[in-house]
Number of protein chains: 2
Amino acid sequence: MTATGISIRRATRDDVPAIVRMLADDFLGKDRERPDEPLPQSYYDAFERVDADGNLQLVVAVDSMGLVVGSLQLCVLPGLSSQGATRALVEDVRVDGKLRGQGVGEALLRWAIAESKSRGCHLVELLTSRARVDAQRFYVRLGFVESHAGMTLRL
Amino acid sequence: MTATGISIRRATRDDVPAIVRMLADDFLGKDRERPDEPLPQSYYDAFERVDADGNLQLVVAVDSMGLVVGSLQLCVLPGLSSQGATRALVEDVRVDGKLRGQGVGEALLRWAIAESKSRGCHLVELLTSRARVDAQRFYVRLGFVESHAGMTLRL
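All of these numbers come straight from a predicted model, not from anything done at the bench. (Residues numbered from 1 in each chain as written. Chains lettered and ligands numbered in written order. Predicted model: local features only at pLDDT ≥ 70, side-chain atom pairs only at ≥ 80, totals over all residues. Heavy atoms only, no water.)

**So, the overall build of chain A**
- When you go through chain A residue by residue, the secondary structure sums to five helices and six strands.
- Along the chain direction, N to C, the helices and strands of chain A fall in the order β-α-α-β-β-α-β-α-β-α-β.
- Scaling as 2.2 N^0.38, a compact globule of 155 residues should have a C-alpha radius of gyration of about 15 Å, and chain A matches this with 16 Å.
- Expressed as a percentage of the 155 residues in chain A, the buried residues total 57%.
- Taking the contacts inside chain A whose residues are at least 6 apart along the sequence as the reference set, 61% of them involve residues at least 24 apart.
- With an accessible surface of roughly 6,900 Å², chain A has 51% of that area assigned to carbon and sulfur atoms. (Helix = DSSP H or I, 4+ residues; strand = E, 2+ residues; numbered from the N terminus. Rg over C-alpha atoms; globule rule 2.2 N^0.38 Å. Buried < 20%, exposed > 50% of the residue type's maximum accessible area, 1.4 Å probe, protein only. Contact = heavy atoms within 4.5 Å. Areas by Shrake-Rupley, 256 points an atom, 1.4 Å probe, with all protein chains shown as cover.)

Right, dumping it as structure tokens:
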């Protein structure tokens, strides 16, 4: 099912508080985010870094009222392997907790896949926490395969 | 064990053939690369895209004779999550087949971890094919945990 009335657009600085609320409203995010008012400057600084980089696109899903109900970040990554093919990396997919299962995530991912194609990528890749079992099922339904181990090192 | 006499430096255009030979000398890479002479232009075009991007670093490991014996690509990825923390993504780690198990990969990864720290990243992440069982053990030995599923979609 794809949500009706959902559209995807580039995030602006004014969307940062809504995005951070979604990042914090999450069983993994709740301990690592600070959705205070005013929002810590570090979030706005990060937005500026993302917004200035032509290979990064932070987008939001908005409902028919214009409210932000989801977000993700797409990274276009050139590289030498596969005859110099460019890859896309999807990061930080989040959907408003009240709207889970209503197609917002699917609308976001379908946008990311179409955008990756239009930018000449041959592959979309992502890491999703082992704890997000529902997310893994969701990605498989969209055609992803769990072909890789996702490994992390905290610094 | 860390290889003696190995140093890590930024890749130049002249290193592209040696990097492609390593990409092709691999059970997954052999069917998707074309290490012909002359090398397909697509590899040089990809090198230019990588080299022009301040958030991407393609590096090579060189031995005491100056020969290229390994390579990897480090991507520095700003983003909003974790209070606007920047992540690093390691891609396309390759070591000359004749030098496996001699510390070249470890030298490359230790460089990537140190560089990620110096650029303010809070996390290093990577995807490694489920088929690369030895690689997964190698990353665990360096402190990585298999915290995530690595999912891909071919376009």
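**Digging into the nonpolar core**
- With 46 residues, the main nonpolar core has Val 16, Leu 77 and Leu 80 of chain A together with Val 16, Leu 77 and Leu 80 of chain B as its most contacted residues.
- When contributions to this core are tallied by element, the ones reaching two or more residues are helix H1 (16-24), helix H2 (41-51), strand E2 (56-62) and strand E3 (68-77) of chain A together with helix H1 (16-24), helix H2 (41-51), strand E2 (56-62) and strand E3 (68-77) of chain B.
- Excluding anything up to four places from it in sequence, Val 16 of chain B contacts Leu 80 of chain A together with Leu 39, Tyr 43, Tyr 44 and Phe 47 of chain B.
- With 29 residues, the next largest nonpolar core counts Leu 108, Trp 111, Ile 113 and Phe 138 of chain B among its residues. (Core = buried A, V, L, I, M, F, W, Y, C linked by side-chain atoms within 4.5 Å.)

**Re unusual backbone geometry**
- Residue Pro 38 of chain A follows Glu 37 of chain A across a cis peptide bond; omega there is -5°.
- Tracing the chain through its elements places Pro 38 of chain A in the loop between H1 and H2.
- With a phi angle near 55°, Ser 82 of chain B is a residue other than glycine that sits in the positive phi range.
- Within the fold, Ser 82 of chain B resides in helix H3 (residues 81-84).
- A relative accessible area of 16% places Ser 82 of chain B in the buried class.

**Focus on the packing of aromatic side chains**
- Across all of its chains, the model carries four aromatic pairs over all chains by this definition.
- Considering the side-chain rings of Tyr 139 of chain A and Phe 144 of chain A, the 5.6 Å spacing of their centres and the 70° angle between planes classify their relative orientation as edge-to-face.
- On the basis of relative accessibility, which here comes to 6%, the residue Tyr 139 of chain A falls in the buried class.
- Here the aromatic rings of Phe 138 of chain B and Tyr 139 of chain B are separated by 5.1 Å at their centres, their planes lie at 55°, and the arrangement is tilted. Comparing Phe 138 of chain B with Tyr 139 of chain B shows no difference in burial state: the two are buried. (Phe/Tyr/Trp six-rings, centres within 6.5 Å; stacked < 30°, edge-to-face > 60°.)

**Topic: the state of the cysteines**
Residues and elements named next belong to chain A.
- Per the counting criterion, the structure on display carries zero disulfides over all chains.
- Among the cysteines around Cys 121, which has no disulfide bond, Cys 75 carries the closest sulfur, lying 10 Å off.
- Judged by its relative accessible area of 6%, Cys 121 is buried. (Disulfide = S-S within 2.5 Å.)

**Here we look at the sheet that holds strand E6 (residues 145-154) of chain A**
- Pairing is mixed across the open sheet formed by twelve strands, whose spatial order is E1(A)-E2(A)-E3(A)-E4(A)-E5(A)-E6(B)-E6(A)-E5(B)-E4(B)-E3(B)-E2(B)-E1(B). Either end of the sheet is taken by a strand with one partner, and the two such strands are strand E1 (7-10) of chain A together with strand E1 (7-10) of chain B. The mean angle between the axes of side-by-side strands here comes to 30°, regardless of whether they run parallel or antiparallel.
- Across seven bridges, E3 of chain B lies against strand E4 (residues 86-95) of chain B in antiparallel orientation. Residue pairing across strands places Gly 70 of chain B opposite Val 95 of chain B, the latter belonging to E4 of chain B.
- Sitting on the sheet, helix H4 (residues 104-118) of chain B is in contact with E6 of chain A together with E1, E2, E3, E4 and strand E5 (121-129) of chain B, with an inclination near 25° to E3 of chain B. (Pairing = 2+ DSSP bridges. Axes fitted to C-alpha atoms, helices over the stretch in contact; angles between N-to-C directions.)

**Things to note about the relation of the copies chain A and chain B**
- Between chain A and chain B, the superposition needs a rotation of 180° and an axial shift of 0.0 Å, giving an RMSD of 0.0 Å. Viewed as a symmetry operation, the transformation between the two copies matches a two-fold axis. For chain A, the smallest separation between a C-alpha atom and the rotation axis is recorded for Gly 150 of chain A, amounting to 2.2 Å. (Least-squares fit on C-alpha atoms with pLDDT ≥ 70 in both.)

**Examining the packing of helix H4 (residues 104-118) of chain A against helix H5 (residues 133-141) of chain A**
Residues and elements named next belong to chain A.
- Between H4 and H5, whose axes approach to 11 Å, the crossing angle comes to 50°. If you check the angle between H4 and H5, you find them oblique. In this structure, the crossing between H4 and H5 has a hand that is right-handed. Contacts from Gly 105, Glu 106 and Leu 109 of H4 reach H5 at Phe 138, Tyr 139 and Arg 141. (Parallel < 35°, antiparallel > 145°, perpendicular 65-115°, else oblique. Left-handed = near helix turned anticlockwise from the far one by under 90°.)

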